[in-house]
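Below, each chain spelled out in residue letters.
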Amino acid sequence: MSRFALALLAAAALAGPAVAQDARNFNGPFVGAQLGWQQDRQSLTTGTVPPATIRAKGDGFAYGSQIGYDANLGSAVIGVEASITGRTGTNRFPTFDLEAGRTINLTGRAGFLATPSDLIYARGGYSNARFSITNPAGPSENRDGWTVGAGFEHALGRNLSARVEYNYADYGDDLLPGAGGASRLNYHRHAVMTGLNLRF
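These remarks concern the structure in this document.

Conventions and cut-offs
Residues numbered from 1 in each chain as written. Predicted model: local features only at pLDDT ≥ 70, side-chain atom pairs only at ≥ 80, totals over all residues. Heavy atoms only, no water. Helix = DSSP H or I, 4+ residues; strand = E, 2+ residues; numbered from the N terminus. Buried < 20%, exposed > 50% of the residue type's maximum accessible area, 1.4 Å probe, protein only. Salt bridge = Lys/Arg side-chain N within 4 Å of Asp/Glu carboxyl O. 1 Å grid on protein atoms, 1.4 Å probe; cavity = no way out; pocket = protein on both sides within 12 Å on 5 of 7 lines; lining within 4 Å. Points joined across faces, edges and corners; volume = space filled by probe spheres on them. Nonpolar A, V, L, I, M, F, W, Y, C, P; charged D, E, K, R; others polar.

Here we take up unusual backbone geometry. Most peptide bonds adopt trans geometry, and most residues besides glycine take a negative phi value. Here the bond from N135 into P136 is cis, since omega is 10 degrees, no more than 30 degrees from zero. Looking at where P136 falls in the secondary structure, it is placed in the loop between β6 (118–134) and β7 (140–157). Positioned with a positive phi, F26 is a non-glycine residue whose angle comes to about 55 degrees. On the secondary structure map, F26 appears in the loop between α1 (3–23) and β1 (28–45). Look at F26 and you get buried, because its relative accessible area is 1%. A positive phi angle, near 50 degrees, is found at N135, a position not held by glycine.

This is the structure in structure tokens:
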């Protein structure tokens, strides 16, 4: 056998474990941490005649953790994830402030592998967020809603990956009693989050 053929066999033998390892990226359980930017947007439509709409938006620092499971199908990845996040910041209306608390998300995701180490994906599912009326002190409630998003995740190694993603969430609206009739307050959220996942 020629030296060239022997060299090719040796290169294939060395590359084999690396290829096999790449094929296991984004597969199995993981836990991680995330942080980023979050913006809550609310609009308050008064019950007066004619009605008036007041809008408020507030930026905040978001932080939290996640746990999930991915299945690598070869050229595609599907998975499920549960996460909990908190945030800073308050949205201010003329007569009250609205403060966001913890958020719980239960989502599924699906994506394709641009390379064995690079995953592009979409996400969607259930979201529950806590909001409190403050200044003056008012009621707090947990609001059910939905969230969708998209992101990119890169495998840094067999057991570690990093990601960045955008998410949008909608939590419906409330009817608030007030002079002139009930007012309608709705809830929307935009977020850009980065995260690290430790994989097992």
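Side-chain pairs of opposite charge can arise where the charged atoms are in close proximity. Tallied over the full model, the rule gives 14 salt bridges. Between D40 and R189 there is a salt bridge whose closest N-O contact spans 2.6 Å. Placement of the pair is D40 in strand β1 and R189 in strand β9 (residues 183–199), with a sequence separation of 149 residues. Here the two residues D40 and R189 agree in accessibility, since each one is buried. Ionic pairing is found between R109 and E153, a salt bridge with its closest N-O pair at 2.9 Å. Linking R109 in strand β5 (residues 97–115) with E153 in strand β7, this pair joins segments that are 44 residues apart in sequence. An identical accessibility class is assigned to R109 and E153; each is buried. Shared partners join several salt bridges into a network, and the residues in it are D70, R109, E153 and R199.

Enumeration over the complete set of coordinates arrives at two cavities of 30 Å³ or more. In this model, the largest cavity occupies a volume close to 230 Å³. If you trace the largest cavity, you find 22 residues lining it, with S83, N105, T147, E165 and N167 closest to the centre. Elements with a minimum of two residues in the lining of the largest cavity: β1, β3 (76–87), β5, β6, β8 (160–176) and β9. Of the residues in the lining of the largest cavity, the class split is six nonpolar, 11 polar and five charged. In this structure, the second largest cavity spans a volume of roughly 40 Å³.

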